[in-house]
Amino acid sequence: VYSRVARVCKKDTGGPRTFKNKWTTFLKARLNCSVPGQFPFYFDEIQSVHQVGDRIFGVFNTPDNSISGSAVCSFKMADIAEAFAGEFKVQENSNSNWLATGLTDTKRPGACHDKPEDLSEKHLNFIKNNVLMDSAVPSSVNIPHFVRTSPHEKLTTVAVDADVPTADGKLVDVLFVGTTRGRVLKMASFSNGGIPQTNLIEELQLFPYHVAVNNIIVLSARNSSQNGGIQDGGGNIIAVSDHEVKKVPVQRCAAKAIQSCASCVNLQDPYCAWNVGSGECLVAGSSPADTSNLVQSVNTGTHQTCNKHKY
């Protein structure tokens, strides 16, 4: 079993003659979610996807008869388009090897067209028997954003709050990932000096251990309420199981355990920052007028300001 992405033209109503009511533009390409190496470790069974702009995030699992594991990978739409523009993977017969082949007609097989009745029999027969592209779609950062290996818990679904601004003006993707044991994992994904990095921020037990999280929706309030650069509580996530729906804030900046600069910064949460002026861990806003008062470090969880002033 392999996870693949398929493409078909919106106006594809089928071809002429025996190809009536049969797609003439349907193609598919493999999604490569794997840990690279001399012998790559693949996560082949897709569970959930979430599109953000020109990127697609997905949860992938290993088969039941393999080493138990799950991963979160992302893919660029440009890489998907490039895979569909490449060569086809064909097999002459069941005993032959799969080989790459180029074009077989003046009209590229699988391409959108206005007059399907003009397609040749050779073209139609080729696309009928060869819908798989030779190149797989690579992960956008070459490695999974997150990997969890456990025989007792697998990842189920993913939702993304994209381009969350940090106190220093950088943009971070916040991922919310559901599991089979009723939990939502919150993580921050960003580029650290050109190197992709994903930090696990917290694990929320929203349902009993035997209840899986089936879906997550992010309700971002980043631009809905601002007061001097500080948001009024931030957004929420909605987690769904078979029998229950729960709504919780995307952040817990004001938790009782977060009473110091060090504990606030140590969260490594892009939503939270220590306000030097008020001496509180608050939801960081996107107003540049307030950034001079905010202390935050998403990549390391430490900041010299906390040690210098003993906040």
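Since the structure is predicted, the reported quantities are computational estimates derived from the model, not experimental observations.

### Comments concerning the side chain of D79
Logical step 1: Mapped onto the elements of the fold, D79 is located in helix α1 (residues 77-84).
Logical step 2: This buried residue, D79, is left without a salt bridge; K76 holds the nearest opposite charge, at 5.3 Å.
Logical step 3: When near neighbours in sequence (up to four residues on either side) are disregarded, D79 contacts V137 and P138.

### A few points about the pattern of salt bridges
Logical step 1: Scanning the model with the defined rule gives eleven salt bridges in all.
Logical step 2: Here D173 makes a salt bridge to R55, at a shortest N to O gap of 2.5 Å. A residue pair is termed long-range when its members are at least 10 positions apart, and D173 in strand β13 (residues 171-179) and R55 in strand β6 (residues 55-61) qualify at 118 residues. For the pair D173 and R55, one class covers both residues: buried.
Logical step 3: One connected set of salt bridges, linked through shared partners, spans R148, E153, R183 and E203.

### A few points about unusual backbone geometry
Logical step 1: Phi angles above zero are rare outside glycine, and N21 is one such case at about 65°.
Logical step 2: In the Ramachandran plot, N142 falls in the positive-phi region, its phi being about 70° despite a non-glycine side chain.
Logical step 3: The residue N142 is located in the loop between β10 (137-138) and β11 (146-148) in this model.

### Notes on the packing of aromatic side chains
Logical step 1: The final tally for this structure, using the stated rule, is four aromatic pairs.
Logical step 2: Ring geometry for W23 versus F26: centroids 5.7 Å apart, planes at 15°, classification stacked.
Logical step 3: Considering the side-chain rings of F41 and F43, the 5.2 Å spacing of their centres and the 75° angle between planes classify their relative orientation as edge-to-face.
Logical step 4: For F41, a relative accessible area of 27% puts it in the partly exposed group.
Logical step 5: Against the face of Y42 rests R30, its NZ or CZ located 4.7 Å from the ring centre.

### Section: the sheet that holds β10
Sheet strands associate in pairs through backbone hydrogen bonding, adopting either a parallel or an antiparallel arrangement.
Logical step 1: Spatial strand order, β1-β2-β10: three strands in an open sheet with mixed pairing. In the strand order of this sheet, the two ends are held by β1 (4-7) and β10, each with one partner.
Logical step 2: Summarising the sheet, β1 and strand β2 (residues 27-32) pair through four bridges and their orientation is antiparallel. Bridging across to β2, R4 finds its partner in R30.

### Digging into the state of the cysteines
Logical step 1: Counting across every chain of the model gives five disulfides.
Logical step 2: What pairs with C9 in a disulfide is C112, and their sulfur atoms sit 1.9 Å apart. Between C9 and C112 the disulfide shows an S-S torsion of about -95°. By sign, it is left-handed. One end of the pair, C9, is in the loop between β1 and β2; the other, C112, is in the loop between β9 (99-101) and α2 (121-129), and 103 residues separate them in sequence.
Logical step 3: One disulfide bridge connects C33 with C73, the sulfur atoms lying 2.1 Å from each other. Of note, the bridge from C33 to C73 carries an S-S torsion of about 75° and is right-handed in sense. Here the residue C33 occupies a position in the loop between β2 and β3 (34-35), and C73 occupies one in strand β7 (residues 70-76), the gap between them amounting to 40 residues. A single burial state applies to C33 and to C73, both of which are buried.
Logical step 4: With its disulfide-bonded cysteines labelled consecutively along the sequence, the protein chain is connected as 1-4, 2-3, 5-8, 6-10, 7-9.

### A word on the sheet that holds β7
Logical step 1: Spatially, the four strands line up as an open sheet ordered β5-β6-β7-β11, and their pairing is antiparallel. The sheet is open, and its two edges are formed by β5 (45-52) and β11, each paired on a single side. Taken over all neighbouring pairs, the strand axes of this sheet differ in orientation by 20° on average, direction set aside.
Logical step 2: Along the sheet, α1 makes contact with β5, β6 and β7, crossing β7 at roughly 75°.

### Some words on the pairing of β6
Logical step 1: For β6, a buried count of seven out of seven residues is recorded, marking the element as mostly surrounded by other parts of the structure.
Logical step 2: Where burial is concerned, the two faces of β6 agree: the one with R55, F57, V59 and N61 and the one with I56, G58 and F60 are both buried.
Logical step 3: The pairing of β5 with β6 spans seven bridges and is classified as antiparallel. Considered in β6, the bridge of E45 is made with N61.
Logical step 4: Counting the residues in the hairpin turn of β5 and β6 gives two residues, including G53, whose phi is positive at 60°.

Rules used in this analysis
- Residues numbered from 1 in each chain as written.
- Predicted model: local features only at pLDDT ≥ 70, side-chain atom pairs only at ≥ 80, totals over all residues.
- Heavy atoms only, no water.
- Helix = DSSP H or I, 4+ residues; strand = E, 2+ residues; numbered from the N terminus.
- Buried < 20%, exposed > 50% of the residue type's maximum accessible area, 1.4 Å probe, protein only.
- Lys, Arg positive; Asp, Glu negative; His and termini not counted.
- Salt bridge = Lys/Arg side-chain N within 4 Å of Asp/Glu carboxyl O.
- Contact = heavy atoms within 4.5 Å.
- Phe/Tyr/Trp six-rings, centres within 6.5 Å; stacked < 30°, edge-to-face > 60°.
- Lys NZ or Arg CZ within 6 Å of the ring centre and 35° of its normal.
- Pairing = 2+ DSSP bridges.
- Disulfide = S-S within 2.5 Å.
- Axes fitted to C-alpha atoms, helices over the stretch in contact; angles between N-to-C directions.

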